[in-house]
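# Coordinate analysis (summary)
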Amino acid sequence: MNNQKIEFLKNKQSEIMRKVILSLVLILSTSTFFAQSVFDKFDGQDDIATVIVNKKMFSLLSKMEVKDKETQQYVNLIKKLDNLKVFVTTSAKKSDEMKAVSDKYIKTSALEELMRINDKGKSVKIFVKSGASESQIRELMMFVEGGPKDESVLMSLTGDFDLNELSVLTDKMNLPGGAELKKASKGAKGAK
């Protein structure tokens, strides 16, 4: 019975930590101290939900007290990140705009395709700019083109991180498109 209580308390603590982190990200992500990018045109548009997290916020989050291994992995990752920008829409017109901008950016920014999925009217494309090693990433761009009634998601992540660490980020931040990123991360582990 004591082991069950301890496990229950650990799970509750982890759940509370996740909610606190997500709340902090959402509250502080409206800061104006983020780097400008080609995707910033989508920020503040009525039909597009936006989450932007900058280096300063990642730095603040990395200083939190850690009591479990999973959260420590998350803290180690966020120390390596510079910017996270996520744009989500259900508007077909805005989705088409995001697709056009992301396609143009892919052609001009030396990104290489990491993964592409087409399934039931949903298209997922993940592109990266590699770092020093094959699994090191300096930039990741993902575009999820939803079907007629699904969300479309455009995400840009910059820093100097390992592709294998992405599943930690998607678990802790509950990002739109996180399932696709998790698949990409698992694919990278399997390729080694």
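A few points on the structure. As the structure is a computational prediction, the values presented were derived from the model and not from experiment.

Calculation rules
Residues numbered from 1 in each chain as written. Predicted model: local features only at pLDDT ≥ 70, side-chain atom pairs only at ≥ 80, totals over all residues. Heavy atoms only, no water. Core = buried A, V, L, I, M, F, W, Y, C linked by side-chain atoms within 4.5 Å. Buried < 20%, exposed > 50% of the residue type's maximum accessible area, 1.4 Å probe, protein only. Helix = DSSP H or I, 4+ residues; strand = E, 2+ residues; numbered from the N terminus. Pairing = 2+ DSSP bridges. Polar contact = N/O pair within 3.5 Å; in protein donor to acceptor, adjacent residues only side chain to side chain. Axes fitted to C-alpha atoms, helices over the stretch in contact; angles between N-to-C directions. Contact = heavy atoms within 4.5 Å. Arc of directions from axis to C-beta.

Attention now goes to the nonpolar core. Counting residues in each nonpolar core, the largest one holds 27 residues, and the members touching the most others are Leu 81, Leu 84, Leu 140, Met 142, Met 155, Leu 157 and Phe 161. Breaking this core down by element, the ones donating at least two residues are α2 (55–61), α3 (69–78), β2 (81–89), β4 (122–130), β5 (136–145) and β6 (152–162).

A few words now on the pairing of β5. Along β5, eight of the ten residues are buried, which leaves the element largely enclosed by surrounding structure. Both β4 and β5 contribute to a ladder of eight bridges, which runs antiparallel. Looking at the pairing, Lys 129 lines up with Glu 139 of β5. Counting the residues that bridge the hairpin from β4 to β5 gives five residues.

Let us now look at the side chain of Ser 91. As for its placement among the helices and strands, Ser 91 is situated in the loop between β2 and α4 (92–108). Engagement of the side chain of Ser 91 in a polar contact is seen with the backbone nitrogen of Lys 94, the distance being 3.2 Å.

Here we take up the sheet that holds strand β3 (residues 112–119). Taken in spatial order, the six strands make up an open sheet running β1-β2-β6-β5-β4-β3, and their pairing is antiparallel. Two strands lie at the open edges of the sheet, namely β1 (48–53) and β3, each paired on one side alone. On average, adjacent strands in this sheet sit at an angle of 10° to one another, irrespective of strand direction. When β2 meets β6, the two strands line up antiparallel, connected through eight bridges. Note on β6: the bridge partner recorded for Val 88 is Val 153. Contacts from α4 reach β1, β2, β4, β5 and β6 within the one sheet, and its direction differs from that of β5 by about 150°.

Since the α-helix advances by 3.6 residues per turn, residues separated by three or four positions end up pointing in the same direction. For α3, the full list of buried residues reads Thr 71, Tyr 74, Val 75, Leu 77 and Ile 78. Mapping the buried residues of α3 onto a view down its axis gives an arc of 160°, with all of them on the same face.

Turning our eyes to something else, we now look at unusual backbone geometry. For Ala 110, which is not a glycine, the phi torsion comes out positive at approximately 60°. With respect to the helices, strands and loops of the structure, Ala 110 is situated in the loop between α4 and β3. By relative accessible area, which is 65% here, Ala 110 ends up exposed.

Everything listed here is a matter of coordinates, which is why it stays silent on function.
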